[in-house]
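Here is how the chains run, residue by residue.
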Amino acid sequence: MAPPVSLADESLFYGAVLAIYLFSPLSVFSLLFVTVPYGKHYRAGWGPSIPSPISWFLMESPTLWLSLLLLPFGKHRYNPIALSILSLFFLHYINRTLIYPLRLSRFGISGGRSGLPISIVAMAFGFNLFNAYIQIRSITHYTEYGGRAWTCGIWTASRVAIGVGIFFWGMAVNVRSDLSLLRLKAEGSGAYKIPRGGWFELVSCPNYMGEVAEWLGWAVVAWSPAAFGFALFTAANLVPRARSHHKWYLDKFGEDYPRSRKAVVPYIF
Ligand SMILES: NC(=O)c1ccc[n+]([C@@H]2O[C@H](COP(=O)([O-])OP(=O)(O)OC[C@H]3O[C@@H](n4cnc5c(N)ncnc54)[C@H](OP(=O)(O)O)[C@@H]3O)[C@@H](O)[C@H]2O)c1
């Protein structure tokens, strides 16, 4: 029997989906003036720092535990399409919540300026709670898999194939670029160096480029307002940060920094 859905949950869900669309332009606007103070842009005054591996584990963890808690309440909890979409979401967050922090530890990146201010960890934790709720309820309950988007033969198959391809390409670029940066940091004993090779020859932040592509691909697969809202929010968060990173590289390395490199979109931006 399908679990009951309350009017309160329905209102909360649609309100939250609307909110993610409203947050996106607000995020772009605020990030034009304030760069989030961690990593290269670390500034004191945002609370005590938590070591990076613990920070990443804590702030990303709702995407795993809240998702698993909400799963049994979805009417599509046994639907293979819903579970396939969910598995891509989990794949990304198993890397971000478990593997990435373990890698940070392995490369000895854990304290001092490498820590994240507690206020940033709290905000990211809140966003991940909010987003896990929206995405899991959308996939496992509010999306209707009997509609045209899911039953239109060649169109459905092509859309899903393209989306899955973009998702895995983005994830490969994201994970490999993160790994290159961690190696670079470990080689330089914590000092910043100019990243070289692969997508770094075209953009300063291929890890962000990969992450934006991943969620765009996932939204093409999931084909829901909630998933497109998340893809939009990811771009609204990471494109301005890539711009700040790019500017930081130009200021720090001056003439040594490759002039043809863009911030996050090859040849364009
Ligand atoms: N979905 C989202 O909205 C969202 C938001 C934020 C992050 N993320 C993802 O989380 C991952 C990490 O994000 P991040 O903002 O920490 O990425 P980042 O600024 O590129 O830093 C990644 C790691 O590499 C180190 N590093 C960066 N540039 C370096 C250089 N030139 N030389 C030596 N070491 C360098 C950083 O050290 P420092 O920390 O000391 O700079 C950090 O440990 C990325 O894959 C990103 O896509 C996603």
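Counting starts from 1 at the beginning of each chain's written sequence and moves along it residue by residue. In keeping with the model being predicted, local features are shown solely for residues with a pLDDT of at least 70 and side-chain atom pairs are shown and tallied solely at 80 or more, while totals for entire chains, interfaces and linings include all residues. Excluded from the side-chain calculation are hydrogens and water; included are all heavy atoms of the structure.

- Under an unreviewed UniProt entry, the protein chain has the name Steroid 5-alpha-reductase DET2 and belongs to Dendrobium catenatum.
- UniProt positions are given in the numbering used here, feature names are shortened, and annotations may be inferred rather than shown by experiment. Regarding the protein chain, the UniProt comment filed under Sequence similarities (unreviewed entry) reads as follows: "Belongs to the steroid 5-alpha reductase family."
- The record held by UniProt for the protein chain lists under Function (unreviewed entry) the comment "Involved in a reduction step in the biosynthesis of the plant steroid, brassinolide."

## Points about the packing of helix H3 (residues 62–70) against helix H4 (residues 80–106)
In step 1: At their nearest, the axes of H3 and H4 sit 9 Å apart, and the two run at 135° to each other. Our classification of the angle between H3 and H4 gives oblique. Contact residues: Thr63, Leu64, Ser67 and Leu68 in H3; Phe89, Phe90, Tyr93, Ile94, Thr97 and Leu98 in H4. The axes are straight lines fitted to the C-alpha atoms, using for helices just the contacting stretch, and the angles between their N-to-C directions are given from 0 to 180°. Secondary structure follows DSSP: runs of H or I at least 4 residues long count as helices, runs of E at least 2 residues long count as strands, and numbering of each begins at the N terminus. Working definition: roughly parallel below 35 degrees, roughly antiparallel above 145 degrees, roughly perpendicular at 65 to 115 degrees, and oblique for all remaining angles. Two residues qualify as a contact provided that any one of their heavy atoms is within 4.5 Å of a heavy atom in the partner residue.

## Overview of the site of the ligand
In step 1: Taken together, 26 residues are adjacent to the ligand, and Tyr38, Asp178, Lys185, Tyr192 and Tyr208 come closest.
In step 2: Definition of a polar contact: a pair of N or O atoms within 3.5 Å, with one able to donate and the other able to accept a hydrogen when the atoms are protein atoms, and with sequence-neighbouring residues admitted only if both atoms are side-chain atoms. Side-chain polar atom of Asp178 to an oxygen atom of the ligand: 2.6 Å apart, as the coordinates give it.
In step 3: Within the contact set of the ligand, an oxygen atom lies 2.5 Å away from a side-chain nitrogen or oxygen of Tyr192.
In step 4: Using a 1.4 Å probe, the Shrake-Rupley method yields the accessible areas, and only the shown protein chains count as cover for residues. For the ligand, whose unbound accessible area comes to 880 Å², protein coverage reaches 93%.
In step 5: At the level of secondary structure, the elements contributing two or more residues to the shell around the ligand comprise H4, helix H7 (153–187), helix H8 (206–222) and helix H9 (225–253).
In step 6: For this classification, the nonpolar set comprises Ala, Val, Leu, Ile, Met, Phe, Trp, Tyr, Cys and Pro, the charged set comprises Asp, Glu, Lys and Arg, and every other residue, Gly included, is treated as polar. The class makeup of the residues in the shell around the ligand is 12 nonpolar, 7 polar and 7 charged. By convention in these notes, a residue is near a molecule or strand provided one of its non-hydrogen atoms lies within 4 Å of it.

## Considering the pattern of salt bridges
In step 1: A pair is scored as a salt bridge if a Lys or Arg side-chain nitrogen falls within 4 Å of a carboxyl oxygen belonging to Asp or Glu. A complete count under the given rule lists 7 salt bridges for this structure.
In step 2: We note a salt bridge from Lys75 to Glu144, for which the minimum N-O separation is 2.9 Å. Of the two residues, Lys75 is situated in the loop between H3 and H4 and Glu144 in the loop between helix H5 (118–142) and helix H6 (148–151); the sequence distance between them amounts to 69 residues.
In step 3: Under the scheme applied here, a residue whose accessible area is under 20% of the maximum for its type counts as buried, over 50% as exposed, and between as partly exposed, the area being computed with a 1.4 Å probe on protein chains only. Classification of Glu144 by relative accessible area gives partly exposed; the value is 47%.
In step 4: Across the pair Glu201 and Arg261 runs a salt bridge whose closest N-O atoms are separated by 3.9 Å. A residue pair is termed long-range when its members are at least 10 positions apart, and Glu201 in the loop between H7 and H8 and Arg261 in the segment after H9 qualify at 60 residues.
In step 5: Looking at Glu201, the relative accessible area reads 35%, which means it is partly exposed.
In step 6: Of the residues examined, Arg261 reaches a relative accessible area of 2% and is grouped as buried.
In step 7: Members of the salt-bridge network, linked through shared partners, are Arg96, Asp178 and Glu211.

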